Amino acid sequence: SQQGEEDPQALSIQEGENATMNCSYKTSINNLQWYRQNSGRGLVHLILIRSNEREKHSGRLRVTLDTSKKSSSLLITASRAADTASYFCATDAAGGYQKVTFGTGTKLQVIP
Amino acid sequence: GAGVSQSPRYKVAKRGQDVALRCDPISGHVSLFWYQQALGQGPEFLTYFQNEAQLDKSGLPSDRFFAERPEGSVSTLKIQRTQQEDSAVYLCASKPPGVYEQYFGPGTRLTVT
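The present account deals with the structure reproduced in this document. Bear in mind the structure is a predicted one, so any value in this text is a computation, not a measurement. (Residues numbered from 1 in each chain as written. Chains lettered and ligands numbered in written order. Predicted model: local features only at pLDDT ≥ 70, side-chain atom pairs only at ≥ 80, totals over all residues. Heavy atoms only, no water.)

## Observations concerning the pattern of salt bridges
Note the threshold: The working definition used for a salt bridge is a side-chain nitrogen of Lys or Arg within 4 Å of a carboxyl oxygen of Asp or Glu. Classification of residues uses two cut-offs on accessible area relative to the type maximum, computed with a 1.4 Å probe and protein chains only: under 20% is buried, over 50% is exposed, and between them is partly exposed. A run of DSSP states H or I qualifies as a helix once it reaches four residues; a run of E qualifies as a strand once it reaches two. Both are numbered from the N-terminal end.
Per the counting criterion, the structure on display carries 6 salt bridges over all chains. Between A:Glu55 and A:Arg62 there is a salt bridge whose closest N-O contact spans 3.2 Å. Take A:Glu55: its relative accessible area is 40%, and that puts it in the partly exposed class. Between B:Arg64 and B:Asp86 there is a salt bridge, and its shortest N-O distance comes to 2.8 Å. Pair noted here: B:Arg64 is in the loop between β6 (53-56) and β7 (65-68) and B:Asp86 is in the loop between β8 (75-79) and β9 (88-95), with a separation of 22 residues, a long-range link.

## Observations concerning the interface of chain A and chain B
What counts here: Between two residues, a contact is recorded if the distance between any of their heavy atoms is within 4.5 Å. The term buried area means the drop in 1.4 Å probe accessible area that two parts suffer when joined, counted for both and summed. Here a polar contact is recorded for every N or O atom pair within 3.5 Å, except that within protein the pair must consist of a potential hydrogen donor and a potential acceptor, and residues adjacent in sequence are included only if both atoms are side-chain atoms. In this classification, Asp, Glu, Lys and Arg are treated as charged, Ala, Val, Leu, Ile, Met, Phe, Trp, Tyr, Cys and Pro as nonpolar, and every other residue, Gly included, as polar.
If you look at the interface, chain A gives 19 residues, while chain B gives 19 residues. Summed over both partners, the interface of chain A with chain B buries about 1,600 Å², with 51% contributed by carbon and sulfur atoms. One can count 1 salt bridge joining chain A with chain B. In this structure, the salt-bridge partner of A:Lys99 is B:Asp56, at a minimum N-O distance of 4.0 Å. At the surface where chain A touches chain B, the tally comes to 2 residue pairs in polar contact (both at pLDDT 80 or more). Looking at the side of chain A that touches chain B, the elements with two or more residues in it are β4 (29-38), β5 (42-50), β9 (85-93) and β10 (100-102) of chain A. Its residues assigned to classes, the side of chain A that touches chain B comprises 7 nonpolar, 9 polar and 3 charged.

## Some points on the packing of aromatic side chains
To be explicit about the condition: Think of it this way: a Phe, Tyr or Trp ring, Trp meaning its six-membered ring, pairs with another when their centres are within 6.5 Å, and the plane angle makes it stacked under 30 degrees, edge-to-face over 60, tilted otherwise.
Throughout the structure, instances matching the rule amount to 9 aromatic pairs over all chains. Between the aromatic rings of A:Tyr35 and B:Phe104, the centroid separation amounts to 5.7 Å while the plane-to-plane angle is 85 degrees, which identifies the pairing as edge-to-face. Here A:Tyr35, found in strand β4, pairs with B:Phe104, found in strand β10 (residues 103-104), and the two come from separate chains. The class of A:Tyr35 is buried, set by a relative accessible area of 0%. Owing to a relative accessible area of 11%, B:Phe104 belongs among the buried residues under this scheme. Through pairs of rings, three or more aromatic residues link up here, namely A:Tyr35, A:Phe102, B:Phe33, B:Tyr35, B:Phe45, B:Tyr48 and B:Phe104.

## Details of the pairing of strand β6 (residues 55-58) of chain A
Residues and elements named next belong to chain A. Quick note on the threshold: Note on pairing: two strands pair once DSSP finds at least 2 bridges between them.
Pairing of β6 with strand β7 (residues 61-66) involves 4 bridges; the strand directions are antiparallel. Residue pairing for β7: histidine 57 is matched across the bridge by arginine 62. The hairpin turn running from β6 into β7, its antiparallel successor, is 2 residues long, and glycine 59 in that turn takes a positive phi close to 60 degrees.

## Details of the pairing of β7(A)
Residues and elements named next belong to chain A. As judged from the 6 bridges shared by β7 and strand β8 (residues 71-76), these two strands associate in the antiparallel manner. If you follow valine 63 over to β8, its bridge partner there is leucine 74. Taking the residues that link successive antiparallel strands as the turn, the β7-β8 hairpin has 4 residues, and the phi of lysine 70 there is positive, at about 50 degrees.

## What about the state of the cysteines?
Which entries qualify depends on this criterion: Cysteine sulfur pairs qualify as disulfides if the two atoms are within 2.5 Å.
Within this structure, the stated rule accounts for 2 disulfides over all chains. Between the sulfur of A:Cys23 and that of A:Cys89 lies a disulfide, 2.0 Å long from S to S. Between A:Cys23 and A:Cys89, the S-S torsion sits near 65 degrees, and that sign places the bridge as right-handed. Here A:Cys23 is found in strand β3 (residues 19-24), whereas its partner A:Cys89 is found in strand β9, with 66 residues between them in sequence. In terms of burial, A:Cys23 and A:Cys89 fall into one category: buried. Disulfide partner of B:Cys23: B:Cys92, at an S-S distance of 1.8 Å. In this structure, the disulfide formed by B:Cys23 and B:Cys92 twists by about -65 degrees around the S-S bond and is classed as left-handed. Here B:Cys23, found in strand β3 (residues 19-24), pairs with B:Cys92, found in strand β9; they are 69 residues apart in sequence, far enough to count as distant. Residue B:Cys23 is classed as buried on the basis of its relative accessible area, which comes to 0%.

Just geometry here; none of it tells us what the structure is for.
Below is the structure:
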């Protein structure tokens, strides 16, 4: 079963615009990760945020985490056509051994 | 260095056939995971190895699914008597100790006809 749900399910934007996708999850977590999947490079890790962090940046990526609402958001600024992919959040349960549970994904299309 | 590799990349099986899917993790990666990804969905956990020990197989959908990693490196996922609902992409991931990031292989797309 999927732990997280992303919304929107699909998002289409123009190159240069920002893209925001959200993830909600059900149980307490240690960490939340975001992964990107496209046909060219498969599933690739983007960024990890720990349960005691509220915000994290990496290049054009900004991730927030609200553990009280059990939700996270991923913002991609100044999008590029190469950002076209599906984005998944993945959580590992508190007290677990780092087994992660993936969400349902957001399919992002960036139009040149 | 080489990433995680999986073979075959594509497999077509007739219903009832047995299949074996191979995963070569990154050298030195102790943890190895198998996932099943249906079309339009996120990967779903199947099983987890730490070295040669299978520590969690709670995600295997039925007793037709079996995984092994006898020497703590290469792993094989075997599906017996394949059914149409087994059609999916099977992903393997590995990671070294002390980090959370998983490194994924390209997957094997299994189609059962």
